[in-house]
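Take a look at the letters that make up each chain.
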Amino acid sequence: MKILFVTSELAGLVKVGGLADVSAALPRALEQVAHDEVRVLLPGYPGVLAGLRDAAPIAELPGLADIPPARLLGGRGADGQQLFVIDCAPLYDRPGTPYGDLAGADWADNDVRFARLAFAAAQIAHGLPEFDWQPDLMHVHDWPAALAPGYLAWQDGARPIPSVTTIHNLAHQGLFPAHRLGALGVPEAAFAVDGSEFHGQLGFLKTGLYYANEVTTVSPSYAEEIATPQLGCGLHGLLGGLRDAGRLTGIVNGVDPAWNPRNDPYLVRRFDARSRDAKQRNAQAVRHSLGLAHRPAPLFSLIARMVWQKGVDLVIDACETLVRAGGQLAVMGAGDASLERRMHALSQRHPGSVAVKIGYEEAMAHKVFAASDFFLMPSRFEPCGLTQMYAQRFGALPIARETGGLRDTIDDGITGFLFPDSSVRSLLGAVRRALLMFNFRPGMNQMQREAMRRDFGWDRPAQEYHRVYQRAQAACRTSARHE
Ligand code: ADP
Ligand code: GLC
């Protein structure tokens, strides 16, 4: 099957979180396991244009309403992945992240920036002049790409093309004022409960959920949770309906083979499940570079976007007790300024025991996973989460809130420690269990072995996505016949 994979992040070129990792790994797995041919479409941010290999113009894409025209480039990513990139300097040529400026504020024209992405996807799907590649199916990811199934549906008389929308995080829905409809070329008739409207606003993600033939999210537990009022973010009605109709599927993410301590180029000493003692050498190196005291203390770590979702504040509140119990803590992350400040203050209060690195550093993340005994992930909600899987691969036992993908990827008492509620008390309960295990060497060894041997490959998820694609194709054929 030929797949157009539409995303706003791609590891190696532009990354904010796990969406980038998935966008890099899943297309490769689909090609290898399901023999799909996948091309990835993404906006031409400066880093993407700079990293695009063998770039060549494919077509001039006309604009629509306030969406400016753009040039579509073809090319390859670092690992040879076939890419489509939208070259549109007025929208994408600026410093900052894909979503906002260097100070963290969202770009004011994000509606047009991502409508451009989605409309380009529909244009490619409907066929470009003098370019003979057309997808059999479009797979869009999160709100930035989610207007695309709408643009497909709103094109009169065009060939129906099946589409799949994947939710990586329901908390971000891409909501914009209703008066922007015209500017984005969204038909008035689509602004309805059965369509793109969400409580009086235009919902990008809502559009993707409503118009796609199939919807997926990144773990079976999260698929259940988002069909409830607690975690449904106002969309639980629609999502519950999709689930009951068998059109909402939870598929756990995999781990890219690059996350493997046996051949990780960033580690001072590589290791596997049989040579775990080498973790000590990595811990020594990390203690040295982060300024932690050299002592045989249990090393806890936290690597995450510093946001409410990740429960970073719970770690801050639990830190005193953790340090008093003899633990050390290494933190890496960037995000909310107030959480960053509070974390920084902790490192000042506990020199030698708590080290905090504000920022984003790929190499250091690998080193910290390899060095850690335990990895903290007290997320309030977690669609899937990748870091708890990376941690297990590196023999760092996750201590995580029992929610979403964390529930689906950690075996409590076997490969990690799960705790039930979003409270410091509950987190500390799991920390105590972890410390007991740390002091019972045979048990700790056994858990680390189990964690490192767990299969987090992409093969099974890729097969599941392929089955979803087949269902979407069948549904699209059926609905075309009924029109
Ligand atoms: P989310 O997408 O919600 O942020 P995931 O666990 O799915 O959570 O993915 C997070 C990704 O970002 C992982 O690849 C993780 O290693 C990486 N990451 C997060 N914070 C940092 C950081 N400060 N430095 C390096 N990598 C980070
Ligand atoms: C989102 C979620 C995270 C998930 C990632 C990749 O960022 O917050 O849980 O792992 O997407 O699917």
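Structure: above.
For the structure given in this document, a descriptive report is provided here. Numbering of residues begins from 1 in every chain and follows the order in which that chain's sequence is written. The naming scheme follows written order: chains are lettered A onward, ligands numbered 1 onward. Note on the predicted model: pLDDT of at least 70 is required for a residue's local features to be given, and 80 or more for side-chain atom pairs to be given and counted; whole-chain, interface and lining totals, by contrast, use all residues. Side-chain measures were taken over the full set of non-hydrogen atoms in the model, leaving aside hydrogen atoms and water.

To qualify as a helix, a DSSP run of H or I must reach at least 4 residues; to qualify as a strand, a run of E must reach at least 2; elements of each kind are numbered from the N terminus. As for its placement among the helices and strands, Glu-450 is situated in helix α17 (residues 441-453). Taking the C-alpha atoms as reference points, Glu-450 and Leu-181, separated by 269 residues in sequence, lie 52 Å from one another. Contacts between residues were defined by any pair of non-hydrogen atoms, one from each residue, lying within 4.5 Å. If near-sequence neighbours (up to four positions away) are discounted, Glu-450 is found in contact with Ile-414 and Thr-415.

Attention shifts here to the pairing of strand β6 (residues 137-141). Burial analysis of β6 places 5 of its 5 residues in the buried class, which makes it a mostly covered element. With a 1.4 Å probe rolled over the protein chains alone, any residue whose accessible area is under 20% of its type maximum counts as buried; one over 50% counts as exposed, and the rest are partly exposed. Covered by surrounding structure in β6 are Leu-137, His-139 and His-141 together with Met-138 and Val-140, the residues of both alternating faces. Following DSSP output, two strands are said to pair if at least two bridges run between them. The pairing of strand β1 (residues 2-6) with β6 spans 4 bridges and is parallel. By the bridge assignment for β6, Leu-4 is matched with Met-138. Judged from the 4 bridges that link them, β6 and strand β7 (residues 163-167) form a sheet pairing that is parallel. Residue pairing across strands places Val-140 opposite Thr-165, the latter belonging to β7.

Near ligand 1 you find 19 residues, and of these Lys-15, Gly-18, Arg-305, Lys-310 and Leu-386 are the closest. Pairs of N or O atoms are called polar contacts if they sit within 3.5 Å, as long as, within protein, a hydrogen donor faces a hydrogen acceptor (for residues adjacent in sequence, only side-chain-to-side-chain pairs). Arg-305 is positioned such that a nitrogen or oxygen atom in its side chain is 2.6 Å from an oxygen atom of ligand 1. Under the convention used here, a 1.4 Å probe and the Shrake-Rupley method define accessible areas, while residue burial counts only the protein chains that appear. Alone, ligand 1 offers 560 Å² of accessible surface; in the complex the protein occludes 93% of this. For the shell around ligand 1, the secondary-structure elements that each account for two or more residues are α1 (18-33), β14 (328-333) and α14 (387-393). Its residues assigned to classes, the shell around ligand 1 shows 7 nonpolar, 6 polar and 6 charged. In this entry, domain limits derive from an automatic or database-based domain assignment. Looking at which domains feed residues into the shell around ligand 1, each of domain 1 (2-254 + 459-482) and domain 2 (278-453) supplies at least three. Only a single heavy atom is needed: when it lies within 4 Å of a molecule or strand, its residue is near that molecule or strand. When residue character is reported, Ala, Val, Leu, Ile, Met, Phe, Trp, Tyr, Cys and Pro are called nonpolar, Asp, Glu, Lys and Arg charged, and the others, Gly included, polar.

Bringing the packing of aromatic side chains into the picture now. Only rings of Phe, Tyr and Trp enter the pairing, Trp through its six-membered ring, and a pair is recorded when the two centres are within 6.5 Å. The plane angle decides the type: under 30 degrees is stacked, over 60 is edge-to-face, the rest tilted. According to the stated counting rule, one finds 21 aromatic pairs in the structure shown. With centroids separated by 5.8 Å and ring planes inclined at 70 degrees, the aromatic side chains of Trp-143 and Phe-204 adopt a geometry described as edge-to-face. Of the two residues, Trp-143 sits in helix α5 (residues 142-145) while Phe-204 sits in helix α7 (residues 204-211), which places them 61 residues apart along the sequence. Comparing Trp-143 with Phe-204 shows no difference in burial state: the two are buried. Aromatic side chains Phe-369 and Phe-394 sit 6.2 Å apart centroid to centroid with 40 degrees between the ring planes, which places their arrangement in the tilted category. Taken together, the residues span a long stretch of sequence, with Phe-369 in helix α13 (residues 362-371) and Phe-394 in the loop between α14 and β17 (397-401) at a distance of 25 residues. On the accessibility criterion, Phe-369 (1% relative accessible area) is buried. Assessed through its relative accessible area of 0%, Phe-394 is described here as buried. Pairwise contacts between aromatic rings join Tyr-99, Phe-114, Trp-143, Phe-176 and Phe-204 into one cluster.

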